[in-house]
Amino acid sequence: PHLIFDDGLPDSRLAPMNDLARAYREIFNRKSRWQIMGYSNELGTTEFRKAIVQMLNFKRGMNVSIDQICITRGSQMAMYLASHCLLSKGDFVMVENPGYKPAWEAFENAGAALLSVNVTDDGLDLNAVESHLKKYQNIKAIYVTPHHQFPTTVTMSLKKRLKLIELSNQYGFTIIEDDYDHEFHFGQRPILPISSYMNAKNFVYIGTLSKIVAPALRIGYVASSADNIKKIAQHRKIIDVQGDNIMEEAV
């Protein structure tokens, strides 16, 4: 038998396709369906954003409001938009090594250079993070996958999470947290995101529904400060006027 090593895909056979199809059809039967057929908001439909806010606040310990959320077509779009709003030519981004190459490409596309940080058995090597911060002036962000580091699956320890927040506040760089598989965890309950800590001031939190339902469902979201979300929305409007209203309502 062949062994296939990849980054894991959800079993689409388990996706609630019948429910989703029923919800999708139901929208077309509504008297008010014409409202959803027009242009809406580049941030995503209000109802769907409210649902995401509720999920993040109640299930992931966060404290965000509706103006801190933008719905995107998958997490890669969220990464691209966040990169272009936070970074410009000559900036640096610290990244986990080994790490998630498509995110690195988004940062480089925005003009930033990457600074590599090794991963140990309890997450990032924070000594390396500190030495980068002392050496380079314009480090704007760090990209992390703390729930399950990609690709090692290591979970970042609480001690390191708190230290990373402290460094972020001290040096003013943004923690870009890619929580791509929050629903999947080993035995115990999932660990809450770094972005949920009260003292995390500079965060961009990225999530996706592609892993829960199916990769073909291109719905992701980004949570950050209202100012960052405003910039992200302006940029999004240039490349994609709005999301898939009907699918957002159905989901």
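For the structure itself, look to the data block above.
For the structure given in this document, a descriptive report is provided here. Sequence order sets the numbering: in each chain, residues are counted from 1 along the sequence as written. This being a predicted model, a pLDDT of at least 70 is required before a residue's local features are given, and a value of 80 or more before pairs of side-chain atoms are given or counted; all residues contribute to the totals for chains, interfaces and linings. Values reported for side chains reflect all heavy atoms of the structure, with hydrogen atoms and water molecules removed beforehand.

**Things to note about unusual backbone geometry**
For the record, the criterion: Where helices and strands are cited, they refer to DSSP runs of H or I of at least four residues and of E of at least two residues respectively, numbered from the N terminus.
A cis amide bond links Asn-97 to the next residue, Pro-98, at an omega of 5 degrees. When you line up the elements, Pro-98 lands in the loop between β2 (92–97) and α5 (101–109). Note the cis peptide between Phe-150 and Pro-151, where omega equals 10 degrees. Its place among the elements puts Pro-151 in the loop between β5 (139–144) and α7 (158–171).

**Brief notes about the pairing of strand β8 (residues 220–223)**
We apply this condition: Think of it in three bands: with a 1.4 Å probe and only protein chains considered, a residue is buried below 20% of the maximum accessible area for its type, exposed above 50%, and partly exposed in between. Pairing between two strands is assigned when DSSP locates at least 2 bridges connecting them.
Where burial is concerned, the two faces of β8 agree: the one with Gly-220 and Val-222 and the one with Tyr-221 and Ala-223 are both buried. Of the strand pairs in this sheet, strand β1 (residues 69–72) and β8 are connected by 4 bridges, and their pairing is antiparallel. Bridge assignment links Ile-69 to a residue of β8, and that residue is Ala-223. Sheet topology note: the strand β7 (residues 203–208)/β8 ladder contains 4 bridges and is antiparallel. Bridging across to β8, Tyr-205 finds its partner in Ala-223.

**What to know about helix α6 (residues 126–135)**
Spelled out, the test is: Directions are taken from the helix axis to each C-beta atom, and the arc is the one they span. Any pair of N or O atoms that falls within 3.5 Å is considered a polar contact. Within protein, one atom must be able to donate a hydrogen and the other to accept it, and sequence-neighbouring residues count only if both atoms are side-chain atoms.
Within α6, burial applies to Leu-126, Ala-128, Val-129, His-132 and Leu-133. Here the buried residues of α6 occupy an arc of 155 degrees about the axis, which is enough to place them on one side. Turned more than 90 degrees from where α6 packs its buried face, Asn-127, Lys-134 and Lys-135 sit exposed. Taking the backbone nitrogen of Asn-127 as reference, a side-chain oxygen 3.1 Å away marks Asp-125 as the first, capping residue of α6.

**Some details on helix α1 (residues 17–29)**
Short version of the rule: One less than the number of residues in a helix, times 1.5 Å, gives the span that helix is expected to have.
The terminal C-alpha atoms of α1 lie 19 Å apart, and with 13 residues this matches the ideal 18 Å at 1.5 Å per residue to within 8%. Here α1 has its buried residues at Leu-20, Ala-23 and Ile-27. When α1 is viewed along its axis, its buried side chains cluster within an angular range of 65 degrees and face the same direction. The exposed set on the far side of α1, more than 90 degrees from its buried face, consists of Asn-18, Arg-25 and Asn-29.

**Remarks on the state of the cysteines**
Convention followed: Counting rule for disulfides: a pair of cysteine sulfur atoms within 2.5 Å.
For the structure on display, the rule yields 0 disulfides. Cys-70 takes part in no disulfide bond, and the closest cysteine sulfur to it belongs to Cys-85, at a distance of 9.3 Å. You can call Cys-70 buried: its relative accessible area is 0%.

**What to know about the environment of Ala-233**
Heads up, the rule is: Two residues qualify as a contact provided that any one of their heavy atoms is within 4.5 Å of a heavy atom in the partner residue.
Positionally, Ala-233 belongs in helix α8 (residues 226–239). A relative accessible area of 5% places Ala-233 in the buried class. Along the sequence, Ala-233 and Ile-71 sit 162 residues apart, while their C-alpha atoms lie 9.4 Å from each other. What Ala-233 contacts, discounting residues up to four positions off in sequence, is Glu-42 and Leu-43.

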